[in-house]
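Next come the chains, spelled out residue by residue.
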Amino acid sequence: MKDAAETTSGSMVLRSMRIGEHALFVGLLAIGTVRAVGTSSSKPAIIFIAVALGLWYALGIRLAARHKTRGYGWLWLVILIVGWLVLLAMSAEFSWVAFALFFLVMHLLATPIAVAGVAVLTAAVVAAQVTAGSGSLVPQVMGPILGAMVAVGLTIVYRRLAHESEQRMQLVEQLITAQDDLIAVHDELAKTQREAGAVAERARIARDIHDTLAQGFSSIVLLSRAGLAGARDVMSLLSQIESTAVDNLDEARRVVHALTPAMLEQGSLPGALQRLTDRLTEQAGIATTLRIVGEVQAIPTAHEVALLRAAQSALANVRQHSRATHASLTLSYEDESVRLDVVDDGRGFDPATAATQPGRTGMGLRSMRERLAQLSGRLEVESSASEGTTVTATIPFMKGVR
């Protein structure tokens, strides 16, 4: 990531600047010590104090690294400055060590206090230079002042870099957190979609099994009972049972693979409905008629499947529950919709309590409603005791769409 690369680059710059500060202090202290030893009579004392000051500085760095703090404490800084002032009083050669101290003061203290501290250190250097009396007065004054100004300017730049680096680190952390959250949400969404897909597939299979296999098995049961009761010719019943079983085996394969019903593959929707009515008349002895209203139009296959399944479920209810003697199907092609009406003259029922009535589960009506709802269609059921039942399935469609 670009931000991560920039943040890493900024951190390296800050680390290099810190190392530079340490090297500057050690280097200036060493140079001052060498020059002071060559010009002063207090050589042992200068060496001792300089070494002690260097060790004290190293101790502060070590403690800061161990505790991961930005600074080393004001007491450490005060002792460091006092030690330097002692060396400065012993030799003006330690004046340039003040340049490294400027950075430390600006780094460890708040800006107003740090600037005041730099001014005090600058004044001490100027006083030491003037007291030593070596060289021109202008360089003795302007040199420390310019050095202090450079140190303050560089420290301000350093602080700005540090602030920007910290902000970018926080931004990178937020981006990483947001990315992790997004991945988690994506995984959860994918899981939810898989679960929803599984639920939808189970619902599809349940509807198809109810409208095909369950109805076929019911037909086989009814035909078998008729044969056992001796009400009809055995050979004819066996032929019908075989035909129904063969059709059910084919439907089972089509349900598993979500294929188009065989009745629709063999012809149009009106033809499939005609075969349904003929089968009901043949197997149950219920007079069934089919009427087509309007000009037959090409409608989407999904619409044809939904209407065929609705007809299968409605006629199965007529056969099993209505005790009807006649049923009629009306397929109406309208301008913006197609409608199927299934009407019987049976004993009727209360649609509100269909699932609680003996021998009924309500699965058929629920299945029809769910299937039609997927196509923005609707199901209407009108029925009452001894007055038959009317089931109407309506699906809107656009002309010319398959």
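Further up the page is the structure itself.
Let me begin by describing the structure that accompanies this report. (Residues numbered from 1 in each chain as written. Predicted model: local features only at pLDDT ≥ 70, side-chain atom pairs only at ≥ 80, totals over all residues. Heavy atoms only, no water.)

1. Examining the packing of helix α9 (residues 269–284) against helix α10 (residues 301–322)
Test applied: An axis is simply a line fitted to the C-alpha atoms; with a helix, the fit covers only the stretch in contact. Between two such axes, the angle follows the N-to-C directions and lies from 0 to 180 degrees. For helices the rule is a DSSP run of H or I covering at least 4 residues; for strands it is a run of E covering at least 2, with both sets numbered from the N terminus onward. Oblique is the label for any angle not under 35 degrees, not over 145, and not in the 65 to 115 range, which are roughly parallel, roughly antiparallel and roughly perpendicular in turn. By definition, any crossing whose near helix is turned counterclockwise from its far helix by less than a right angle is left-handed, and any crossing with a clockwise turn is right-handed. The contact definition used throughout considers only heavy atoms, calling two residues in contact when any of these lie within 4.5 Å.
Their axes nearest at 10 Å, the elements α9 and α10 cross at an angle of 15°. Accordingly, the angle class assigned to the pair α9 and α10 is roughly parallel. When you trace α9 past α10, the crossing you get is right-handed. Counted together, L269, A272, L273, L276, L280, Q283 and A284 of α9 and E304, L307, L308, A311, Q312, L315 and R319 of α10 form the full contact between these two elements.

2. Regarding the nonpolar core
Under the convention used in this document: By nonpolar core we mean a set of buried residues, namely Ala, Val, Leu, Ile, Met, Phe, Trp, Tyr and Cys, connected to one another through side-chain atoms within 4.5 Å. Three exposure classes are used, based on accessible area relative to the maximum for each residue type with a 1.4 Å probe and protein chains only: buried under 20%, partly exposed in between, and exposed over 50%.
Counting residues in each nonpolar core, the largest one holds 35 residues, and the members touching the most others are L269, L273, L307, L331, V338 and L379. Every element with two or more residues in this core is listed here: α9, α10, β2 (326–333), β3 (337–344), α11 (363–373), β4 (378–383) and β5 (389–396). When residues of this core are assigned to their parent elements, the largest contribution, nine residues, is made by α10. The residues contacting L379, other than those within four sequence positions of it, are L365, M368, R369, L372, V391, T392 and A393. One finds L29, V105, M106 and A148 within the second-largest nonpolar core, a separate group that totals 33 residues.

3. Considering the sheet that holds β3
To keep it simple, the criterion reads: Strand pairing requires that DSSP identify at least two bridges connecting the strands.
As summarised here, the arrangement of the five strands in space is β1-β2-β3-β5-β4, forming an open sheet in which the pairing is mixed. With one partner strand each, in any of the chains shown, β1 (287–293) and β4 form the two edges of the open sheet. Ignoring which end each strand starts from, the neighbouring axes of this sheet average 10° apart. Bridge analysis of β3 against β5 gives eight bridges, and the strand direction is antiparallel. Bridge pairing links V342 to V391 in β5. Helix-sheet contacts for α10 involve β2, β3 and β5, and the interaxial angle to β3 is about 10°. α11 rests against β4 and β5 of the sheet, and its axis sits at about 150° to β4.

4. Some words on helix α4 (residues 97–108)
Because each turn of an α-helix spans 3.6 residues, side chains separated by three or four positions in sequence point in the same direction. The test is simple: Expected span of a helix, by definition, is 1.5 Å for each gap between consecutive residues, and there is one gap fewer than residues.
Taking 1.5 Å as the rise per residue, α4 with 12 residues should run 16 Å; its terminal C-alpha atoms sit 17 Å apart, in good agreement. Across the 12 residues of α4, 10 count as buried, placing the element largely inside the fold. Along α4, the residues that are buried comprise V97, A98, A100, L101, F102, F103, L104, V105, M106 and H107.

5. As for the packing of aromatic side chains
The test is simple: Pairs were defined over the aromatic rings of Phe, Tyr and Trp, the Trp ring being its six-membered one, requiring ring centres within 6.5 Å. Orientation was assigned from the angle between planes: stacked under 30 degrees, edge-to-face over 60, tilted for the rest.
Tallied over the entire structure, the rule returns three aromatic pairs. A centroid spacing of 4.2 Å and a plane angle of 10° characterise the contact between F25 and Y57, whose relative ring orientation is stacked. Note that F25 is positioned in helix α1 (residues 2–39) and Y57 in helix α2 (residues 43–67), a separation of 32 residues in sequence. The pair F25 / Y57 is uniform in exposure class, with both members buried. The interplanar angle of 45° and the centroid separation of 5.7 Å between the aromatic rings of Y57 and W76 together place this pair among those described as tilted. Residue Y57 is located in helix α2, and its partner W76 is located in helix α3 (residues 74–90); the two are separated by 19 residues in the primary sequence.

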